[in-house]
Amino acid sequence: GLDVPPARVIILEEDLDIAPDFFDYFAAVAPLLDTDRELLAASAWNDNGQIGLARDPERLVRSDFFPGLGWMMTASAWKELGPKWPLAYWDDWLREPAQRRGRDFF
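The text that follows walks through the structure, step by step, so that each part is easy to find. Here the structure is a predicted model, which is why all the values come from computation and not from measurement.

The rules we used
- Residues numbered from 1 in each chain as written.
- Predicted model: local features only at pLDDT ≥ 70, side-chain atom pairs only at ≥ 80, totals over all residues.
- Heavy atoms only, no water.
- Helix = DSSP H or I, 4+ residues; strand = E, 2+ residues; numbered from the N terminus.
- Buried < 20%, exposed > 50% of the residue type's maximum accessible area, 1.4 Å probe, protein only.
- Contact = heavy atoms within 4.5 Å.
- Areas by Shrake-Rupley, 256 points an atom, 1.4 Å probe, with all protein chains shown as cover.
- Pairing = 2+ DSSP bridges.
- Polar contact = N/O pair within 3.5 Å; in protein donor to acceptor, adjacent residues only side chain to side chain.
- Phe/Tyr/Trp six-rings, centres within 6.5 Å; stacked < 30°, edge-to-face > 60°.
- Patch = residues over 30% accessible without salt bridge, like charges linked within 9 Å, V, L, I, M, F, W, Y side chains within 5 Å.
- Salt bridge = Lys/Arg side-chain N within 4 Å of Asp/Glu carboxyl O.

### Side note on the overall build of the protein
Part 1 of the reasoning: Helix and strand counts for the protein stand at four helices and four strands.
Part 2 of the reasoning: The dimensions of the protein, computed from C-alpha atoms along their principal axes, are 40 × 35 × 30 Å.
Part 3 of the reasoning: The buried share of the protein, reckoned over its 106 residues, is 30%.
Part 4 of the reasoning: Pairs at least 24 apart in sequence give 70% of the contacts found in the protein among residues at least 6 apart.
Part 5 of the reasoning: Roughly 7400 Å² of accessible area belongs to the protein as shown, and the carbon and sulfur atoms make up 53% of that amount.

Quick look at the structure:
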């Protein structure tokens, strides 16, 4: 067992290749996720984050749309959602108001 329970959970889709700065990014946004109760998760995926589309690689954008793929949430959010996690279409499920409860994503 763990002496200290984990503070956060990282979830990856099985076919995702992570970027070299994947864990650095999550380490940087973890304090925001831990303290802002209006956030549900931080995603490492951005459909518009490609070269030629993103203008500022250091800009952090808040959204009400869950982008999925590779993301991190607090352990308390996982305790809330994990027991009712669906077997399929979980990304659509997580976008529903009943799960989001007004919370945003990075």
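### Digging into the pairing of strand β3 (residues 70-74)
Part 1 of the reasoning: Counting buried residues in β3 gives five out of five residues, a clear majority hidden from the surface.
Part 2 of the reasoning: The two faces of β3 match: Gly 70, Met 72 and Thr 74 on one face and Trp 71 and Met 73 on the other face are all buried.
Part 3 of the reasoning: Direction of pairing for strand β1 (residues 8-12) relative to β3: antiparallel, over a ladder of five bridges. Considered in β3, the bridge of Ile 11 is made with Trp 71.
Part 4 of the reasoning: Sheet topology places strand β2 (residues 39-43) next to β3; two bridges connect them, and they run antiparallel. Counted as the bridge partner of Ser 43 is Trp 71 from β3.

### Observations concerning the side chain of Asp 104
Part 1 of the reasoning: Structurally, the position occupied by Asp 104 is in strand β4 (residues 104-105).
Part 2 of the reasoning: Of note is the side chain of Asp 104, whose polar atom sits 3.0 Å from the side chain of Arg 62.
Part 3 of the reasoning: Not counting residues within four places of it along the chain, the set of residues in contact with Asp 104 comprises Glu 38, Leu 39, Leu 40, Ala 41, Arg 62, Ser 63 and Asp 64.

### Overview of the packing of aromatic side chains
Part 1 of the reasoning: In this structure the tally under the stated criterion is eleven aromatic pairs.
Part 2 of the reasoning: Aromatic pair Tyr 25 and Phe 26: ring centres 5.3 Å apart, planes at 40°, arrangement tilted.
Part 3 of the reasoning: Under the relative-accessibility criterion, Phe 26 is labelled buried at 2%.
Part 4 of the reasoning: Between Trp 85 and Trp 93, the aromatic rings sit 5.2 Å apart at their centres with planes inclined by 70°, giving edge-to-face as the arrangement.
Part 5 of the reasoning: Members of the aromatic cluster, joined through ring pairs, are Phe 66, Trp 71, Trp 78, Trp 85, Trp 90, Trp 93 and Phe 105.

### A look at a nonpolar patch on the surface
Part 1 of the reasoning: Taken together, the side chains of Ile 10, Leu 12, Ile 18 and Phe 23 present a nonpolar region at the surface, about 350 Å² in accessible area.
Part 2 of the reasoning: Within the secondary structure layout, Ile 18 lies in the loop between β1 and α1 (22-35).

### With respect to the pattern of salt bridges
Part 1 of the reasoning: Counting across every chain of the model gives eight salt bridges.
Part 2 of the reasoning: Arg 62 is paired through a salt bridge with Asp 36; the nearest N and O atoms lie 2.9 Å apart. Here Asp 36 lies in the loop between α1 and β2 and Arg 62 lies in the loop between β2 and β3, a separation of 26 residues in the sequence.
Part 3 of the reasoning: You can call Arg 62 partly exposed: its relative accessible area is 36%.
Part 4 of the reasoning: Two residues, Arg 103 and Glu 80, come together in a salt bridge whose shortest N-O distance is 2.8 Å. In this pair, Arg 103 sits in the loop between α4 (97-100) and β4 while Glu 80 sits in helix α2 (residues 75-81), placing the two residues 23 residues apart along the sequence.
Part 5 of the reasoning: Under the relative-accessibility criterion, Glu 80 is labelled partly exposed at 24%.
Part 6 of the reasoning: Members of the salt-bridge network, linked through shared partners, are Asp 36, Arg 62, Arg 100 and Asp 104.

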